[in-house]
Amino acid sequence: MLDIAHDNKLPNGAGVGYKSQHFNALLDDPGTVCWLEIHAENYMGDGGRPLAQLRHLAERFPISAHGVGLSIGGETRLDPEHLARLKTLIDWLNPAMFSEHLAWSTHDGAFLNDLLPLPYTSDTLTRITTHINEVQDHLGRKMLLENPSSYLAFAESTWSEPDFLREVARRTGCGLLLDVNNVFVSATNLEFDPRAYIDAYPLDLVEEFHLAGHDEDADELGRKLLIDSHGKPVDEPVWALFDHIIARAGARPALVEWDNDVPEWDVLEAEAARATRHMKPAPAAVVSA
Amino acid sequence: MNDSVTLSSTGDTTVTQTAFRKALLDPQQRVPEGLTNPDGKQADKRFSVYRNNVAHGLSEAMLTGFPVLAKLVGDDFFREMAKVYLRIHPPASPLMMHYGAALPGFLESFPGTLHLKYLPDVARLELALRRAYHAADATPIDPTALTQLDQAALMRARLKMSPACEVLSTKWPAKAIWDFNMKDGPQPTGGAEDILISRVGFDPMAERLPNGGAAFVRSLIKGRSFGTALGLATADTPDFDLTATLSVLIATHAITGIDKPD
C-alpha cells in the first residue's frame with residue numbers, strides 16, 4: 001500500500017478528472033483543485049509511466065478511483081478476473097473513494113466500452129444489489145453508485161430512478177455519486193423536471209458530485225437530445241441545477257470531468273474554480289429547507 | 001427469459017442484454033422493442049446514440065493505440081476499418097490499453113488493405129510497444145557487471161530480462177517504417193527484421209538486432225544460460241555478432257539482473 005501523508009479523504013471542494021497531459025501543470029499550480037479522480041481501468045497495467053504518475057499524485061492529493069468496467073448492471077455474474085484486478089489496484093492505491101455506475105458494459109464476453117442503460121425493475125434491483133454486495137465484500141470498502149445519463153426509456157421499468165437508487169443504497173449500504181449533468185441530460189431527453197428529480201433523490205446519501213459538459217442533438221421527431229460527451233464546459237442550466245442541489249445538500253466533493261477535446265490545464269482549472277465558487281455561496285444566502 | 005407479467009399493451013417489452021448487444025454492434029439489426037422515447041414510442045435514433053458511442057469510443061481507442069498504422073492509411077480510412085474490426089473483435093476485457101491485439105491477423109485478410117502487405121507487421125510492432133509501455137518496472141544492471149565475470153562464469157550465468165523485453169521477427173521492415181513515420185527516419189528499405197522491444201525509464205524502445213540476435217535474446221528470455229543462448233545463436237548464424245547484440249541489450253535497458261549459479 002502507498003504511504004500517504006495527507007488524511008486521505010475527499011474534501012468538500014473541487015476535483016478534476018486526471019489527464020496525463022496535465023501532469024506537470026497540475027503539480028505546478030493546482031489552483032483550487034484539491035482532489036483528483038482517475039479511471040481505475042487505465043491503471044491496471046503492471047507498471048510504467050501511468051502507475052508512476054499516479055503514485056506521485058496520490059502522495060499529494062486524495063484520489064477517487066472511478067471504475068468504468070465492472071458492468072454492475074450486467075445480467076451475468078461479475079467478471080472475477082476484473083474484480084481481482086480492481087482489488088489489486090485498490091489495495092495498492094488505497095484511494096479516498098471508489099465509485100462505479102448504474103449501468104452495464106459487458107455481455108457475452110464482450111466489453112462494449114460504454115455505459116449502457118438498465119430497466120428499473122425488481123429483477124434489475126435484485127441483480128444490482130447482489131453485484132454491489134459482492135464488490136463491497138471483495139474490496140472491503142463502501143462504494144458509491146452513479147446515476148446514468150439516459151437517451152431512452154424502458155417500457156418495462158416500474159421504478160423511478162431516484163427511488164431505485166435509494167432502494168439500492170438501502171439494501172447494500174453503498175453511497176451515491178450524483179452526476180448533475182447526467183440528471184440534466186436525462187431530464188431533457190426523457191422530458192422530466194430535473195428539480196423534481198432532485199426533490200425525490202436521497203441527497204443525504206450523496207458523497208460526491210460530478211459536473212461535465214454535453215452536446216446537443218435531436219431525435220427523428222426533432223426533439224432535443226443531449227449527449228453526455230464530456231468535451232465542453234459545464235452548461236449554464238447544469239450550474240443552476242448544481243446551485244439548487246448545493247442549497248439543499250450543502251457542499252460535497254465536486255468533480256469536473258472533461259474527457260474529450262481535453263483543454264489546456266488553465267481552462268480545466270477555471271471550471272474547477274467555478275465549481276468551488278458555487279459551493280461557497282454568499283454568507284447572507286438563504287438556504288431552503 | 002423473464003416470466004413476470006408486464007403491464008404493457010404491446011406484449012412482452014423485456015429487453016435482454018443479448019438483444020441490446022446484438023443491435024448495438026450491428027446497425028442492420030432492428031432496435032429491440034421496449035426501448036422508447038418520452039411518449040412510449042419506439043426510439044431508433046435514441047438507440048443510435050449508444051451505437052455511435054460504442055463505435056466512436058472503440059475506433060478512437062484504436063486510433064490512439066496504432067498511430068503509425070493510422071498515419072499509413074489515413075485517419076478516416078483507419079476509423080472505418082476499426083468499425084469493421086470492432087464488430088468482429090469487440091474488446092474481451094475492460095482494459096482498453098491492450099485493445100486491438102487481433103488487428104495483425106485481421107489485416108492479413110481485410111480486403112481494403114490487402115495490397116499493403118507490411119501493415120500487419122507494423123501493427124505487431126505497435127502492439128509490442130504498448131505492452132512494453134505498461135510492463136512492470138525493473139532496474140537495469142550496471143553494464144560493467146557483465147565484464148566482471150570470467151568467461152566460464154558468464155557462460156553459466158542466466159541473465160534476467162526486463163518484463164518489457166520481447167523479440168519481434170517481421171517479414172517487412174516494420175521498424176524502418178515506424179522510424180520513417182515517427183522519427184523522420186530515412187525512406188524504409190529492406191525486408192525482414194528482428195526487432196528488440198524494451199523500455200528505457202518509461203519510454204518504450206525498438207531496436208534492430210543483428211543476425212542471430214533474435215535466437216540469442218529469445219533464449220535469454222526463456223531463462224536459458226548465457227552459454228546455451230550463445231550456442232543456439234551461433235549454430236544458426238556462424239558469424240553471430242555477440243558484442244553488437246549485447247550493446248543493443250544494454251542500450252535498451254533489457255538486462256535487469258545476473259543469476260550466477262554456484
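Residues numbered from 1 in each chain as written. Chains lettered and ligands numbered in written order. Predicted model: local features only at pLDDT ≥ 70, side-chain atom pairs only at ≥ 80, totals over all residues. Heavy atoms only, no water.

> How should I be thinking about the overall build of chain B in this particular structure?
Secondary structure summary: chain B contains 12 helices and 6 strands in total. At 25 Å, chain B has a C-alpha radius of gyration far larger than the 18 Å of a compact globule built from 262 residues. Seen through its principal axes, chain B has C-alpha atoms that stretch 85 × 45 × 30 Å. A burial count over chain B gives 48% of its 262 residues as buried. (Helix = DSSP H or I, 4+ residues; strand = E, 2+ residues; numbered from the N terminus. Rg over C-alpha atoms; globule rule 2.2 N^0.38 Å. Buried < 20%, exposed > 50% of the residue type's maximum accessible area, 1.4 Å probe, protein only.)

> What is the right way to look at a negative patch on the surface in this model?
Taken together, the side chains of A:Asp28, A:Asp29, A:Glu264 and A:Asp266 make up a negatively charged region of the molecular surface. By the secondary structure assignment, A:Asp28 is in helix 1 (residues 23-28). (Patch = residues over 30% accessible without salt bridge, like charges linked within 9 Å, V, L, I, M, F, W, Y side chains within 5 Å. Areas by Shrake-Rupley, 256 points an atom, 1.4 Å probe, with all protein chains shown as cover. Salt bridge = Lys/Arg side-chain N within 4 Å of Asp/Glu carboxyl O. Lys, Arg positive; Asp, Glu negative; His and termini not counted. Charge placed at Lys NZ, Arg CZ, Asp CG, Glu CD.)

> How should the packing of helix 3 (residues 80-93) of chain A against helix 4 (residues 122-139) of chain A be read in this particular structure?
Helix-helix packing is described using two parameters, namely the angle between the two axes and the distance between the axes. Residue and element names in this part refer to chain A. Helix 4 packs onto helix 3 with a crossing angle of 45° between their chain directions and a minimal axis gap of 10 Å. Of the possible angle classes, the one that applies to helix 3 and helix 4 is oblique. Where helix 3 crosses over helix 4, the handedness of that crossing is right-handed. Residues Leu-83, Ala-84, Leu-86, Lys-87 and Ile-90 of helix 3 touch helix 4, and the partners they reach there are Glu-134, Val-135, His-138 and Leu-139. In the contact of helix 3 with helix 4, the residues fall into 6 nonpolar, 1 polar and 2 charged. (Axes fitted to C-alpha atoms, helices over the stretch in contact; angles between N-to-C directions. Parallel < 35°, antiparallel > 145°, perpendicular 65-115°, else oblique. Left-handed = near helix turned anticlockwise from the far one by under 90°. Contact = heavy atoms within 4.5 Å. Nonpolar A, V, L, I, M, F, W, Y, C, P; charged D, E, K, R; others polar.)

> Sorry if this is basic, but what is going on with the packing of helix 2 (residues 44-65) of chain B against helix 4 (residues 75-88) of chain B here?
Residue and element names in this part refer to chain B. One can describe the packing of helix 2 onto helix 4 by two numbers: an axis separation of 9 Å at closest approach and a directional angle of 120°. Taken together, the axes of helix 2 and helix 4 lie oblique to each other. The handedness of the crossing between helix 2 and helix 4 comes out as right-handed. Between helix 2, through Ala-55, Leu-58, Ser-59, Glu-60, Met-62 and Leu-63, and helix 4, the contact on the second element is made entirely by Asp-75, Phe-78, Arg-79, Ala-82, Lys-83, Tyr-85, Leu-86 and Arg-87. Residue composition of the contact of helix 2 with helix 4, by class: 8 nonpolar, 1 polar and 5 charged.

> Just to check I follow, could you spell out the interface of chain A and chain B for this structure?
By a frequent convention, interface size equals the accessible area lost on bringing the separate parts together. With 53 residues of chain A at the interface, the matching set in chain B holds 45 residues. Between chain A and chain B, the buried area comes to about 4,100 Å², and carbon and sulfur atoms account for 56% of it. Taken as a group, A:Arg49, A:Phe111 and A:Leu152 account for 14% of the area that chain A buries against chain B, more than any other trio of residues on that side. The tally of links between chain A and chain B comes to 4 salt bridges. B:Lys45 is paired through a salt bridge with A:Asp217; the nearest N and O atoms lie 3.8 Å apart. Summed over the shared surface of chain A and chain B, the number is 23 residue pairs in polar contact (both at pLDDT 80 or more). No other element matches the 7 residues that strand 6 (residues 110-116) of chain A contributes to the side of chain A that touches chain B. Of the residues in the side of chain A that touches chain B, the class split is 22 nonpolar, 14 polar and 17 charged. (Buried area = accessible area lost by both parts, 1.4 Å probe. Polar contact = N/O pair within 3.5 Å; in protein donor to acceptor, adjacent residues only side chain to side chain.)

> Teacher, can you tell me more about the sheet that holds strand 3 (residues 166-170) of chain B here?
Two strands in a sheet stick together by hydrogen bonds in their backbones, pointing the same way (parallel) or opposite ways (antiparallel). Residues and elements named next belong to chain B. The 3 strands lie next to each other as 3-4-5, forming an open sheet whose pairing is antiparallel. In this open sheet, the two strands that pair with only one neighbour each are strand 3 and strand 5 (203-208). Between one strand and the next, the sheet's axes are offset by a mean angle of 25°, whatever the strand orientation. Across the face of the sheet, helix 10 (residues 213-221) comes into contact with strand 3 and strand 4 (193-200) while running at roughly 145° to strand 3. (Pairing = 2+ DSSP bridges.)

> Got a minute to help me understand the packing of aromatic side chains in this structure?
Here a ring pair, both rings aromatic, is described through the centre-centre distance and the interplanar angle of the planes. Summed over all chains, the structure comprises 17 aromatic pairs over all chains. Residues A:Phe209 and A:Phe242 carry aromatic rings whose centres are separated by 5.6 Å and whose planes lie at 90° to one another, so their mutual orientation is edge-to-face. Residue A:Phe209 is located in strand 10 (residues 206-212), and its partner A:Phe242 is located in helix 8 (residues 236-249); the two are separated by 33 residues in the primary sequence. What makes A:Phe242 buried here is its relative accessible area of 0%. On the basis of an interplanar angle of 70° and a centroid distance of 5.9 Å, the ring pair of B:Phe20 and B:Tyr50 is categorised as edge-to-face. Placement of B:Phe20 in helix 1 (residues 17-25) and of B:Tyr50 in helix 2 is noted, with a sequence separation of 30 residues between them. The exposure class assigned to B:Tyr50 is buried, which follows from its relative accessible area of 1%. (Phe/Tyr/Trp six-rings, centres within 6.5 Å; stacked < 30°, edge-to-face > 60°.)

> How do you make sense of the pattern of salt bridges when you look at a structure like this?
A side chain with one charge can pair with a side chain of the opposite charge if their charged atoms come near. Residue and element names in this part refer to chain A. Summed over all chains, the structure comprises 23 salt bridges over all chains. The salt bridge partner of Asp-91 is Lys-87, with a shortest N-O separation of 3.2 Å. Residue Asp-91 and its partner Lys-87 are located together in helix 3, separated by 4 residues, close to a single helical turn. With a relative accessible area of 27%, Lys-87 lands in the partly exposed category. Asp-215 is paired through a salt bridge with Lys-232; the nearest N and O atoms lie 3.0 Å apart.

> Please clarify how the pairing of strand 13 (residues 254-257) of chain A should be interpreted in this entry.
Looking along a regular strand, one sees side chains alternate from face to face of the sheet. Residue and element names in this part refer to chain A. Both faces of strand 13 are covered, namely the face carrying Ala-254 and Val-256 and the face carrying Leu-255 and Glu-257. Sheet topology places strand 1 (residues 14-17) next to strand 13; 3 bridges connect them, and they run parallel. Counted as the bridge partner of Val-16 is Val-256 from strand 13. Relative to strand 13, strand 10 runs parallel, the two being bridged by 4 bridges.

> It is not clear to me how the domain arrangement of chain B should be interpreted in this structure. Could you clarify?
Residues and elements named next belong to chain B. Taken as a whole, chain B is organised into domain 1 (17-116) and domain 2 (131-259). Taken together, the contact pairs 6 residues of domain 1 with 5 residues of domain 2. Note on domain 1 versus domain 2: buried area summed over both sides is about 570 Å², and carbon and sulfur give 73% of it. It is Val-68, Lys-71 and Met-97 that lose the most area in domain 1 upon contact with domain 2, and together they represent 63% of the buried surface on that side. Across the domain 1-domain 2 interface, the total number found is 0 salt bridges. Counting across the interface, domain 1 meets domain 2 through 1 residue pair in polar contact (both at pLDDT 80 or more). Per-class residue counts for the side of domain 1 that touches domain 2 are 4 nonpolar, 1 polar and 1 charged. (Domains from an automatic or database assignment.)

> Would you mind showing me how to read the nonpolar core here?
Inside soluble globular proteins, nonpolar side chains tend to come together where they are buried. Residues B:Phe20 and B:Phe78 are the most contacted members of the largest nonpolar core, which totals 135 residues. The biggest single contributor to this core is helix 6 (residues 119-134) of chain B, with 8 residues. In this structure, this core is formed jointly by two domains, domain 1 (17-116) and domain 2 (131-259) of chain B, each of which donates at least three residues. Once residues lying within four places of it in the same chain are set aside, the contact partners of B:Phe20 are A:Trp104, A:Leu116, A:Pro117, A:Phe154, B:Val15, B:Pro32, B:Leu35, B:Phe47 and B:Tyr50. Core analysis: the next-biggest nonpolar cluster, separate from the first, contains 27 residues, B:Leu159, B:Val167, B:Phe216 and B:Ala254 among them. (Core = buried A, V, L, I, M, F, W, Y, C linked by side-chain atoms within 4.5 Å.)

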